[in-house]
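Chain and residue survey
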Amino acid sequence: AGGGRSMDLAAVCGVDLVAWGLIGCGASIGFKLRRTGLLPGFADGEICAAAAAAAKPAGSLDANMAGLHILAMNRDCPDEALVHLSPQVPLTPLLRTAAARNFFATSLLLLERRADLHHVDVRRGRRRSLVDTAARGASLDGDWRLTLHLLRAGARPEGAQGVLFAPLRRGDAGLARQLVALKVMPDVAGLVSLLCDVCAHGATVSAALLIEELGVPVNARNERDGDTCTDRAA
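Residues numbered from 1 in each chain as written. Predicted model: local features only at pLDDT ≥ 70, side-chain atom pairs only at ≥ 80, totals over all residues. Heavy atoms only, no water.

A look at the pattern of salt bridges
With the rule as written, the count across this model stands at 5 salt bridges. Here Glu158 makes a salt bridge to Arg127, at a shortest N to O gap of 3.0 Å. Here Glu158, found in the loop between α10 (145-153) and α11 (160-169), pairs with Arg127, found in strand β2 (residues 126-129); they are 31 residues apart in sequence, far enough to count as distant. Residue Glu158 is classed as partly exposed on the basis of its relative accessible area of 38%. Shared partners join several salt bridges into a network, and the residues in it are Arg96, Asp121 and Arg123. (Salt bridge = Lys/Arg side-chain N within 4 Å of Asp/Glu carboxyl O. Helix = DSSP H or I, 4+ residues; strand = E, 2+ residues; numbered from the N terminus. Buried < 20%, exposed > 50% of the residue type's maximum accessible area, 1.4 Å probe, protein only.)

In structure tokens, the structure reads:
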């Protein structure tokens, strides 16, 4: 109230906010209030629908819709993603989706809004970080900006061998060096496996990098099949 005049919120807002708030506590409460005459004009369906909407996890529908929208985008357009964001939408699942599409600008927008840089997915016992997810997309379209940005920001791969494989297979020693400098370093067995794989693909520049710069022994045997790099190159 102000200036001696009372304010009717229902008239101003076009909806009885107090009534809808009370119904949100449960349909049974809504029906009891209607029987006492405190909720005139509310039908059974309206009470049930309001109670069901209040019980739904906050932001779940919005999050699903926003994620589907990012998956459906033809190009990296953060403005399109921004339209679907609201305070109720959890951002980290959307960042995971944007990283899977290798959308650099959209991912940066979500990171700026405090999506979790260190998120790790666990599916069927396999762990995959945002770096792993972005690197897989980069191996398909050749754009490694997002992967490098995530690494520089402090994210780490769960599968360093997989992150290095694509640039080494293609003989991109410069990119491989950048990744190694950002602490993408497999264990000894992973390095030997990479050497065997790049030799099988004829990537001699990458083989030289692994042997001369990373110290992988030429005669080391792959744990998977016992082959050496010379066996694979033959």
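What follows picks up the thread again.
Side note on the packing of helix α7 (residues 91-100) against helix α9 (residues 130-141)
In helix packing, the relevant descriptors are the interaxial angle and the interaxial distance, both defined with respect to the helix axes. Packing of α7 against α9 leaves a shortest axis separation of 7 Å and a crossing angle of 30°. Taken together, the axis directions place α7 and α9 in an arrangement best described as roughly parallel. Contacts between α7 and α9 involve Leu95, Arg96, Ala99 and Ala100 from the former and Leu130, Thr133, Ala134 and Gly137 from the latter. Of the residues assigned to the contact of α7 with α9, the class counts are 5 nonpolar, 2 polar and 1 charged. (Axes fitted to C-alpha atoms, helices over the stretch in contact; angles between N-to-C directions. Parallel < 35°, antiparallel > 145°, perpendicular 65-115°, else oblique. Contact = heavy atoms within 4.5 Å. Nonpolar A, V, L, I, M, F, W, Y, C, P; charged D, E, K, R; others polar.)

Observations concerning unusual backbone geometry
Excluding glycine, most residues fall at negative phi; most peptide bonds, likewise, are trans. Here the phi dihedral of Asn102 falls at roughly 60°; this positive angle occurs in a residue that is not glycine. Considering the arrangement of structural elements, one finds Asn102 in the loop between α7 and α8 (104-112). Here Arg114, not a glycine, exhibits a phi torsion of approximately 80°, which is positive. What makes Arg114 exposed here is its relative accessible area of 75%.

Let's talk about the nonpolar core
Leu110, Trp144, Leu150, Leu179, Leu195 and Leu210 are the most contacted members of the largest nonpolar core, which has 51 residues in total. Put simply, the parts of the chain that give this core at least two residues each are α7, α8, α9, α10, α11, α12 (173-181), α13 (188-200) and α14 (204-213). Top element by residues in this core is α13. It accounts for 6 residues. Those residues in contact with Trp144, other than ones at most four positions away along the chain, are Ala135, Ala138, Ser139, Val163, Ala166, Pro167, Leu175 and Leu179. (Core = buried A, V, L, I, M, F, W, Y, C linked by side-chain atoms within 4.5 Å.)

Some words on the environment of Asp227
Structurally, Asp227 is set in the loop between α14 and α15 (229-233). The partly exposed category is assigned to Asp227, whose relative accessible area is 25%.

Points about the pairing of strand β1 (residues 120-123)
Where a strand is regular, its side chains alternate between the two sheet faces. The pairing of β1 with β2 spans 4 bridges and is classified as antiparallel. Looking at β2, one finds that Val120 is bridged to Ser129. From the end of β1 to the start of β2, which pair antiparallel, there are 2 residues, and Arg124 there has a positive phi angle of about 55°. (Pairing = 2+ DSSP bridges.)

A short note on α7
Within α7, 7 of the 10 residues are buried, which leaves it mostly tucked inside the rest of the structure. For α7, the complete set of buried residues consists of Leu91, Thr92, Leu94, Leu95, Thr97, Ala98 and Ala99. Immediately beyond the C-terminal end of α7, within one or two residues, lies Asn102, with a positive phi of roughly 60°.

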